Every structure is written in structure tokens, then in C-alpha cells.
Amino acid sequence: MIRPRTTGHLADPSNQSEAIEEPSSLEAVSSIGPSLLALVVVVEGQSSAGPAVKAYQAAIRRKGEEAAAGGREAMEAALRFVMDADAAHAQRRERVIDKAWAGLNGWRSEAGQP
């Protein structure tokens, strides 16, 4: 006879007292900022057309979706991280991110407008 598997030894999830917290803007920047910066650097050096640039823009948008989990403050902090990395390219990098993040919940309604 085969014994049924039991899960009685597992902890009851209703007894867990720890609440799941959203990441702070600092945590979002430390986890998203460096990879977002790398993606933006590649895109800013390319022409605006082509499948490779579109793939990078999609990846930048996914990073924006990750940052959006931390709210608008986390998104702005990630943008500042990318812009502060090189002041000479800050405006171009902001345009790249604005284009990729357009329409994301919590992001700017118009490109360049806080």
C-alpha cells in the first residue's frame, strides 16, 4: 500500500507574522540602477531604429516595471542614478528612459515632465 504524502510538517502560512514590504527607493536603485545604466549606455550610442535597439528598449521598460513596484520615488531614484553617472549625457539618457517608460503606471505623463 502506498502512503499518501502529507504536508503537516510545513509551517502554516497564516501564522507568519512578517509582512511583505515593497522595496524602498534606495533598494530599487541598488538593484536596478547598474543594469539600467548599462542598457541605457548601449541604446544612447546606437541609432534609434533596428531590432537590437528595440530589444534594449524593451529591457529598459522591464527595469522600469521593476522600479515601479517601489513607486514613483523609486523610478525617479533609478533615473537619477543613470543621469548622475555622466552629466554630459544626462539629458540624452533621460530621453531614452522617458521613451521606454512612457505609459508605465506612476511615470511621467509627458516626456521630460515630473
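Residues numbered from 1 in each chain as written. Predicted model: local features only at pLDDT ≥ 70, side-chain atom pairs only at ≥ 80, totals over all residues. Heavy atoms only, no water.

Peer 1: How should I be thinking about the overall build of the protein in this particular structure?
Peer 2: Along its length, the protein carries 4 helices and 0 strands. Taken from the N to the C terminus, the helices and strands of the protein come in the order α-α-α-α. Among the 114 residues that make up the protein, the fraction classed as buried is 33%. Working note: accessible area of the protein is about 7,900 Å², and carbon and sulfur atoms make up 53% of it. (Helix = DSSP H or I, 4+ residues; strand = E, 2+ residues; numbered from the N terminus. Buried < 20%, exposed > 50% of the residue type's maximum accessible area, 1.4 Å probe, protein only. Areas by Shrake-Rupley, 256 points an atom, 1.4 Å probe, with all protein chains shown as cover.)

Peer 1: Help me out: how do you make sense of the packing of aromatic side chains in this one?
Peer 2: The geometry of an aromatic ring pair is captured by the separation of the ring centres together with the interplanar angle, meaning the angle of the planes. Taken as a whole and assessed by the stated rule, the structure comprises 1 aromatic pair. Between Trp 101 and Trp 107, the ring centres sit 4.9 Å apart and the planes meet at 80°, which makes this aromatic pair edge-to-face. Comparing Trp 101 with Trp 107, the two get one shared label, buried. (Phe/Tyr/Trp six-rings, centres within 6.5 Å; stacked < 30°, edge-to-face > 60°.)

Peer 1: Would you explain the packing of helix 3 (residues 72-84) against helix 4 (residues 90-101) in this entry?
Peer 2: For any two helices packed against each other, the geometry is given by the interaxial angle and the distance between the axes. Axis separation between helix 3 and helix 4 bottoms out at 9 Å; the angle between their running directions is 145°. Like other packed secondary-structure pairs, helix 3 and helix 4 cross with a definite hand, here right-handed. Contacts between helix 3 and helix 4 involve Met 75, Ala 78, Leu 79, Val 82 and Met 83 on the former and, on the latter, Ala 90, Arg 93, Glu 94, Ile 97 and Trp 101. The class makeup of the residues in the contact of helix 3 with helix 4 is 8 nonpolar, no polar and 2 charged. (Axes fitted to C-alpha atoms, helices over the stretch in contact; angles between N-to-C directions. Left-handed = near helix turned anticlockwise from the far one by under 90°. Contact = heavy atoms within 4.5 Å. Nonpolar A, V, L, I, M, F, W, Y, C, P; charged D, E, K, R; others polar.)

Peer 1: Which parts of the structure should I look at to understand the side chain of Arg 93?
Peer 2: Note on placement: Arg 93 falls in helix 4. A polar side-chain atom of Arg 93 sits 3.1 Å from a polar atom in the side chain of Glu 44. Residues within four places of Arg 93 in sequence aside, it is in contact with Leu 37, Val 40, Val 41, Glu 44, Val 82, Ala 85 and Asp 86. (Polar contact = N/O pair within 3.5 Å; in protein donor to acceptor, adjacent residues only side chain to side chain.)

Peer 1: Explain the pattern of salt bridges to me, please; I cannot follow it from the model alone.
Peer 2: Should the charged atoms of two oppositely charged side chains come close, the side chains can pair. Inspection of every chain in the model, using the stated rule, returns 6 salt bridges. One salt bridge connects Arg 72 with Glu 76, and the closest N-O pair in it is separated by 3.4 Å. Residue Arg 72 and its partner Glu 76 are both found in helix 3; the two are separated by 4 residues, about one turn of the helix. Residue Arg 72 is classed as partly exposed on the basis of its relative accessible area of 33%. (Salt bridge = Lys/Arg side-chain N within 4 Å of Asp/Glu carboxyl O.)

Peer 1: Quick question: what am I supposed to make of the side chain of Glu 44 here?
Peer 2: Residue placement: Glu 44 occurs in helix 1 (residues 25-44). For Glu 44, the contacting residues outside a window of four places in its chain are His 89, Arg 92 and Arg 93.

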